[in-house]
Amino acid sequence: SNATLDEVVKYLKANPGSKAQLNGHTDKQGNVDYNKYLSKKRVESVFNYLVEAGVEKNRLVQNAYGVENPAVPDGAGINQKYNRRVEIHLN
C-alpha cells in the first residue's frame, strides 16, 4: 500500500489546491466500539504517512466509520477482508 500512498502524495504535491478525505472502515467481527476505534487507527496511520511525506495536515480530512458503509456484504465472512480498508477520496 505504500506505493499507492506515494501516488497520493505525488498527486497532492502536484495539485496544491486539492485535499484528501481519508475514510476508515472495518469488517463486522468484534465489538462495534472497538471497530470504530480500529478504523480510526487505520485512518491515523494513513494520515501520519502522508504528513511525514510532506502533505500539509490541513489538506487531510479524517473519518472513522467502523462497520458502517461496507464495500461488500459481510454476512458470510468470505468478504471480510474487503471491508478492512481506508478509502482515499481526492478533490
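The model shown is predicted, which means the values in this text are computed figures rather than measured ones.

Undergrad: For this particular structure, what's the right way to read the confidence of the model for the chain?
TA: Caution is warranted with low-pLDDT regions, since their predicted coordinates should not be read in detail. Confidence in the prediction of the chain, expressed as mean pLDDT, is 93, and 97% of residues score 70 or more. Considering each helix and strand of the chain separately, the mean pLDDT is smallest for helix H3 (residues 80-83), with a value of 87, and largest for helix H1 (residues 2-14), with 97.

Undergrad: I keep staring at the packing of aromatic side chains and nothing clicks. Help me out?
TA: Working definition: an aromatic ring pair is given by the centre-to-centre distance plus the angle between the planes. Applying the stated criterion to the full structure yields one aromatic pair. Geometrically, the ring pair formed by Tyr34 and Tyr37 is tilted, given 6.0 Å between the ring centres and 40 degrees between the ring planes. One end of the pair, Tyr34, and the other, Tyr37, are both in helix H2 (residues 32-52), three residues apart, so they sit about a helical turn from each other.

Undergrad: Sorry, what's going on with the pattern of salt bridges here?
TA: Side-chain pairs of opposite charge can arise where the charged atoms are in close proximity. The full count for this structure, using the stated rule, is seven salt bridges. With its nearest N and O atoms 3.5 Å apart, the salt bridge here joins Lys10 to Glu7. Of this pair, Lys10 and Glu7 both sit in helix H1, three residues apart, which is roughly one turn of the helix. Taking the relative accessible area as the measure of exposure, Lys10 reaches 52% and is therefore exposed. Taking relative accessible area as the criterion, Glu7 reaches 48% and is therefore assigned partly exposed.

About the cut-offs
- Residues numbered from 1 in each chain as written.
- Predicted model: local features only at pLDDT ≥ 70, side-chain atom pairs only at ≥ 80, totals over all residues.
- Heavy atoms only, no water.
- pLDDT = per-residue confidence, 0-100.
- Helix = DSSP H or I, 4+ residues; strand = E, 2+ residues; numbered from the N terminus.
- Phe/Tyr/Trp six-rings, centres within 6.5 Å; stacked < 30°, edge-to-face > 60°.
- Salt bridge = Lys/Arg side-chain N within 4 Å of Asp/Glu carboxyl O.
- Buried < 20%, exposed > 50% of the residue type's maximum accessible area, 1.4 Å probe, protein only.

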